[in-house]
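Remarks on the overall topology
Listed below, chain by chain, are the residues.
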Amino acid sequence: RVIDVGGHTLGHIAFYFPEEKTAFVGDSLFSLGCGRMFEGTAPQFWSSLKRLRALPDDTIIYCAHEYTESNARFAMSVEPGNELLVKRAEEIKAKRSRGEPTVPSLLGEEKLTNPFLRGDLSDEIRKNVGATSDDDDATIFLKIRQGKDNFRG
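Residues numbered from 1 in each chain as written. Predicted model: local features only at pLDDT ≥ 70, side-chain atom pairs only at ≥ 80, totals over all residues. Heavy atoms only, no water.

1. Remarks on the sheet that holds strand β1 (residues 2-4)
So the rule is basically this: Pairing between two strands requires that DSSP report at least two bridges joining them. Strands are runs of DSSP state E lasting at least two residues, helices are runs of H or I lasting at least four, and both sets are numbered from the N terminus onward. Any pair of residues with heavy atoms lying within 4.5 Å of one another is described as a contacting pair. Every axis corresponds to a line fitted to the C-alpha atoms, with the helix fit spanning only the stretch in contact, and the corresponding angles, defined between N-to-C directions, vary from 0 to 180 degrees.
The strand order across the open sheet built from 5 strands is β1-β2-β3-β6-β7, with neighbouring strands paired in mixed fashion. For this open sheet the edge positions go to β1 and β7 (105-106), each flanked by a neighbour on one side alone. Each of β1, β2 (13-17) and β3 (22-26) touches helix α1 (residues 42-53); the most contacted strand, β1, lies at about 145° to it.

Written as structure tokens, this is what we have:
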């Protein structure tokens, strides 16, 4: 099944194979991150991420790049109180120090630790990116994305 995941680019797509419990998501979703918005809009990208988030937790996510360690540092800056994220960040650092890959990842784990999938769920993330009660979910996503774009940690 082809899924429209526009946002990184306008025509970005993902391939989902339900029997194999596998999705190839390109640059739309990364382990603990998501792609930059080159052509798309925040509402478009947020809708795309929600489509991916709606897949079953046991879906194996194959993304296009190994950015997990950098993404973990940013994720920790916006949700340091997430114990599952803290544990995952430690595991990622250890894996990368041994030269091991962190890709693919499991969607269920992404749902619990990836800030780009959690802006509508986590008060801590919203507070740390400066979201207000007037911000809709796409605006919160945009604030998270802008935070990552400017992150130097």
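Read on for the rest.
2. Here we look at the pattern of salt bridges
Convention followed: Salt bridges are defined as contacts in which a side-chain nitrogen from Lys or Arg sits within 4 Å of a carboxyl oxygen from Asp or Glu. The buried label goes to any residue with under 20% of its type's maximum accessible area, the exposed label to any with over 50%, and the partly exposed label to all in between, with areas taken from a 1.4 Å probe on protein chains only.
On inspection of all chains with the given rule, the structure shows 13 salt bridges. For K111, the salt bridge goes to D57, with nearest N and O atoms at 2.6 Å. One end of the pair, K111, is in helix α4 (residues 107-113); the other, D57, is in the loop between α1 and β6 (60-63), with 54 residues separating them in the sequence. Its relative accessible area of 18% is what places K111 among the buried residues. Between D123 and R126 there is a salt bridge, and its shortest N-O distance comes to 2.1 Å. Residue D123 and its partner R126 are located together in helix α5 (residues 123-128), separated by 3 residues, close to a single helical turn.

Function cannot be inferred from these measures alone, as they are strictly geometric.
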